[in-house]
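In case you want the letters, here they are:
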Amino acid sequence: MSTPVVKIENLVKRYKELIALDHFSLEIEEGEIFGLLGPNGSGKTTTINCMLSLLSYDKGEVEIFGKKMSPDNYEVKKDIGVVMQNVAVFDELTVYENIDYFCGLYITDKEKRAKLVEEAIEFVGLEDFKKFYPKKLSGGLLRRLNIACGIAHKPRLIIFDEPTVAVDPQSRNKILEGIERLNREGATVIYTSHYMEEVEQICTRIAIMDKGKSRAIGTKDELKKLIRNTETISIEVAKPSDDDMKEISSLPHVYETAYENSKLVVRYSGGKHNLIRLMNLLSDKQYNMGRVYSEIPTLNDVFLEITGTALRDSE
Amino acid sequence: MFFHKYKYGLLQTIRNKELTFWALGFTIILGTLFYAAFGNVYENDDIFEAIPVAVVENVGDDGFMQLLTELSQGEDKMLVVNKTDREKAEELLGNGDVEAIITVDESIALSINSTSDSISVSIVGSIVNEYNTKSALFEEIAKTNPEKLPQAIEAMNVNIDNVIKEHKLTDAPMNPYTDYFYNLIAMGILFGSTFGMTIAINSQGNLSAIAARKCVSPAKKSMSAIADILAAVTIVFACSVITILYVKYVLGVELGDRLGMYILTALFGSIMSVSLGYAVGSVGSIGEKAKGAILLTVTLLGGFLSGLMSHGMRQIVESKVPFINRVNPAAILTDAFFSLTVYPHYDRYIRSIIGMAVITVICTVAGIIMTRRKKYASL
């Protein structure tokens, strides 16, 4: 078995009475896009900062590339790239100079660095803004510059800490596509977010965090299998009678029925052809149906069932 | 990597328009306004006021008394002589009615107190020193080569004229308004402390996102800090040299003939200023705005106490709370410029340089101690 790129064991971080990380453990393999999903304050950024030896912690071990991580472990640091949650660039330096500056903290060879900087600029699509100062860039472009500063030196492990906060949809898509491209080019990626759609879109494995604890870890499908729900069908229809509701509840694989906002909502745990069976029943009962929705469970459903709170509710 | 960081440190510092304005633009504008306000004074040669001195004659010395008489006569008189006894002389000095007591004894002695005006003391001191030196020489010649005595007397007369003309051993004029420009240059240099503060904030992972990004890189923190500090000192020093040259050559303020020493002083001042800012910026428990306010207070209040807004303030502070003048960076720096202009010797200048060195060492050590942490309890 290969050495994990990141190995965190029993990490505990306290801020006085508050336990920010509570015996948190994690292993990330090479080539993964690993998502840390959780609401604000769940411990995602604290995990990253402890992992990078920026934050002291009370207990636990952190290994990166099989080596114990410490502030002086420059060999390990050389292969890490970090895209901070807050934009961290110098207002006094241009786009090109900012990328060159941060790349220069890793790469001393001037020619090699110039090539890497150009590649990073091309990667984030800032070719037309090389000589712009950060204050002249829009929020989305600024985020892209922030990313370029973190990845220009072509690290083996890249950490993205909520890189799409306050970013327009176009820039967000470009960022997500870029992360997938970096992964295809060989980088292992850690991606923290409270946007479950993003995590679901790009991450190969996900850890659900809540109150400093890891509640579940696995692929999207593995996580979805942890919960009872496999399908939720909603149909716009007049409110069924109590007897009809009982009959719907007795259909195969149904575990919950409700009538919410002029819609009949039926939740299933497994089974096939659930929609056809339900629509046949409603037709037989002479109900006029409007729009029909069939949804497979999302990470929000997973989060809801595991933590007892919807991810968005807890924001 | 060091030169990479130094190069970008220079770029960041020089492009920080706000800070550069305070370190250079503001100083030049204020200097120009000072010059406009004092312009007539500078063009007026007759700005010197005769210095009041008390003379206690314990032993008769006709030569010296004749010299005093000559110096206290006419429109261009240098001294206002008050011949009196010791007790009365001390009372006059204590009340500030005279700047010094000249005691005529076996040799001529000078007594001053801490409130005496430095320029006046320097002038009177030069006269006394010159007379003592020449009279000793005169006696020696009389003993060893009496035949050369007439020539010696003639030479002595010539040199007394020189004393009257030179006032002191440096060539600078005795314009009290020049003190404002020393203060101005000092203030400009001390505004550079903000650069040091920015460096400290951008090097601690718990204070800024940029610092956090730097901390997770393989670049050593100490090397980064040294490169940044060196870049800041370079810019502050360059600003101060431009200010000195502007004051001297554009405004025409006569700062004296020790330009090289002024520039050296500006270099020491720049190092002190950046290290002061670095130390304040390194304090983790207070916010950036509070740190900026502390530095502004040190600069402006320090400037006020060293005489930026009111000539003679430094002497008042010296008489009441001399300790403040020893620890106030603005006063130390101003005094260094002042003593270069006024005193022929370097005793007082060296005291100022030592003061700057002590502040620099304390601030640097404090800054290093506060920033040496590599992991933070919170971000």
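Residues numbered from 1 in each chain as written. Chains lettered and ligands numbered in written order. Predicted model: local features only at pLDDT ≥ 70, side-chain atom pairs only at ≥ 80, totals over all residues.

Trainee: Explain the overall build of chain A to me, and be specific about the residues and the numbers.
Mentor: Within chain A one finds eleven helices and 14 strands. In terms of principal-axis extent, the alpha carbons of chain A reach across some 75 × 45 × 40 Å. In chain A, which comprises 315 residues, the proportion classed as buried is 40%. Considering only intrachain contacts with a sequence separation of at least 6, the fraction spanning at least 24 residues in chain A is 67%. (Helix = DSSP H or I, 4+ residues; strand = E, 2+ residues; numbered from the N terminus. Buried ≥ 20, exposed ≤ 12 C-beta atoms within 10 Å, placed from the backbone. Contact = placed C-beta atoms within 7 Å.)

Trainee: Outline the domain arrangement of chain B, supporting the account with residue identities and numerical values.
Mentor: In terms of domains, chain B is made up of domain 1 (2-41 + 175-371) and domain 2 (52-166). The gap between the C-alpha centroids of domain 1 of chain B and domain 2 of chain B is 40 Å. (Domains from an automatic or database assignment.)

Trainee: Tell me about the sheet that holds strand S1 (residues 51-57) of chain B, and name the residues and values.
Mentor: All names here are of chain B. As summarised here, the arrangement of the four strands in space is S2-S1-S3-S4, forming an open sheet in which the pairing is mixed. Either end of the sheet is taken by a strand with one partner, and the two such strands are strand S2 (79-83) and strand S4 (108-111). Strand-to-strand twist in this sheet, taken as the mean axis angle between neighbours without regard to direction, amounts to 30°. The pairing of S1 with strand S3 (residues 100-104) spans five bridges and is parallel. Its bridge partner lying in S3, Ala54 is registered against Ile101. Each of S1, S2, S3 and S4 is contacted by helix H3 (residues 62-71), which is oriented at about 130° to S2, the strand it contacts most. Relative to S1, helix H4 (residues 86-95) is tilted by about 160°, and along the sheet it contacts S1, S2, S3 and S4. (Pairing = 2+ DSSP bridges. Axes fitted to C-alpha atoms, helices over the stretch in contact; angles between N-to-C directions.)

Trainee: For the pairing of strand S1 (residues 6-15) of chain A, give the residues involved together with the corresponding values.
Mentor: All names here are of chain A. Pairing of S1 with strand S4 (residues 59-64), which is carried by five bridges, proceeds in the antiparallel orientation. Bridging across to S4, Ile8 finds its partner in Val62. Bridge count between S1 and strand S2 (residues 18-28): seven bridges; the pairing is antiparallel. Residue pairing across strands places Tyr15 opposite Leu18, the latter belonging to S2. Linking two consecutive strands that pair antiparallel, namely S1 and S2, is a turn of two residues; a positive phi of about 55° is found at Lys16 within it.

Trainee: Describe the environment of Asn288 of chain A, listing the residues and the values that go with them.
Mentor: When you line up the elements, Asn288 of chain A lands in the loop between helix H10 (274-284) and strand S14 (292-295). With 77 residues separating them in the primary sequence, Asn288 of chain A and Lys211 of chain A have C-alpha atoms 46 Å apart.

Trainee: Tell me about the packing of helix H11 (residues 259-282) of chain B against helix H12 (residues 288-305) of chain B, and please be specific about residues and values.
Mentor: Residue and element names in this part refer to chain B. Interhelical geometry of H11 versus H12 gives an angle of 145° and a closest axis separation of 9 Å. Along this stretch, H11 crosses H12, giving a crossing that reads as right-handed. Judged by residue contacts, Gly277, Val280 and Gly281 of H11 engage Lys291, Ile294 and Leu295 from H12. Classifying every residue of the contact of H11 with H12 by side-chain character gives three nonpolar, two polar and one charged. (Left-handed = near helix turned anticlockwise from the far one by under 90°. Nonpolar A, V, L, I, M, F, W, Y, C, P; charged D, E, K, R; others polar.)

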